[in-house]
Amino acid sequence: LSGPTTTYYGTSNFEAYSGVQVDNSGDLWVVGYSSNPANTVAANSDLTLRKFGSTGNTVVLGPFTRAAHIKGDNDLEGAAVLGADGLYWAGGRYNSQNNRDLTLVKWDASGNVLYERNWHDSVNGGDDAGSGIAINPVTNRIYVANARSGNVSVIEGVTHDVLATVAVGIWPVS
């Protein structure tokens, strides 16, 4: 994966954040979306990461972007969690069939993408989107709630393999 991208498109249409975490230094990490007028694909908004200082007034890092994740403000599911070795975000990303796949992204403390994976969990072929995320530090398992499919994906924290998909009911969140 490439290093951080620092292009920022401002507020020409919208910015929205769906994940917020505070690290041990008191710095604020926010993950969300920024519209990108340069995108010519249907998914015209980029996944965006910013880190603010503990006062909340200064951008310490970022914004870092991952291109073409969502179509607009109707697709804002997503959640973030800080792990011992980075920030994880679960949400959704449009695929070539024009529906959403579950997405798991991991950044290090400098904003470098360490990992990104997209997968499809829907039994009905519809949209998927992470709506919650948790990490068990003892087992190194990552749990991603899938808002659109009513299940939770259990992911191994080193290989990032999906170990199980557990049906839990309508619209789970963390």
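Refer to the structure above for everything that follows.
Attention here is on the structure that accompanies the text. Residue positions are given per chain, counting from 1 as you read along its sequence in written order. Only residues with pLDDT of at least 70 are given local features in this predicted model, and only at 80 or more are side-chain atom pairs given and counted; all residues enter the totals for whole chains, interfaces and linings. Hydrogen atoms and water are omitted, and side-chain values are computed over all heavy atoms in the structure.

1. What about the environment of valine 144?
And then number 1: Put simply, DSSP marks the helices as runs of H or I at least four residues long and the strands as runs of E at least two long, and each gets a number from the N terminus on. Positionally, valine 144 belongs in strand E10 (residues 141-146).
And then number 2: Sequence spacing of valine 144 and threonine 165 is 21 residues, and the spatial spacing of their C-alpha atoms is 9.5 Å.
And then number 3: The contact criterion used throughout is that any non-hydrogen atoms of two residues lie within 4.5 Å. Apart from the residues within four sequence positions on either side, valine 144 is in contact with Ala90, Leu102, Gly130, Gly132, Ile133, Asn151, Val152, Ser153 and Ile155.

2. Focus on the pattern of salt bridges
And then number 1: For this document, the term salt bridge refers to a Lys or Arg side-chain nitrogen within 4 Å of an Asp or Glu carboxyl oxygen. Taken as a whole and assessed by the stated rule, the structure comprises 3 salt bridges.
And then number 2: Residue lysine 51 is joined to aspartate 27 by a salt bridge in which the shortest nitrogen-to-oxygen separation is 3.6 Å. Separated by 24 residues along the polypeptide, lysine 51 in strand E3 (residues 45-52) and aspartate 27 in the loop between strand E1 (15-22) and strand E2 (28-35) bring together distant segments of the chain. Taken individually, lysine 51 and aspartate 27 each receive the classification buried, so the pair is uniform in this respect.
And then number 3: A network of salt bridges, in which partner residues are shared, links Asp23, Asp27 and Lys51. Relative accessible area decides the class of each residue, using a 1.4 Å probe on protein chains only: under 20% of the type maximum gives buried, over 50% gives exposed, and in between gives partly exposed.

3. Points about the sheet that holds strand E11 (residues 151-156)
And then number 1: By the convention used here, strands pair only if DSSP detects at least 2 bridges between them. If you trace the 4 strands from one edge of the open sheet to the other, you get E9-E10-E11-E12, paired in antiparallel fashion. This sheet does not close on itself; its edge strands, each paired only once, are strand E9 (130-136) and strand E12 (162-167). Averaged over all pairs of adjacent strands, the angle between their axes in this sheet comes to 20°, without regard to strand direction.
And then number 2: In terms of strand pairing, E10 meets E11 through 6 bridges, oriented antiparallel. Counterpart to valine 144 in the pairing with E11 is serine 153. The axes are straight lines fitted to the C-alpha atoms, using for helices just the contacting stretch, and the angles between their N-to-C directions are given from 0 to 180°.

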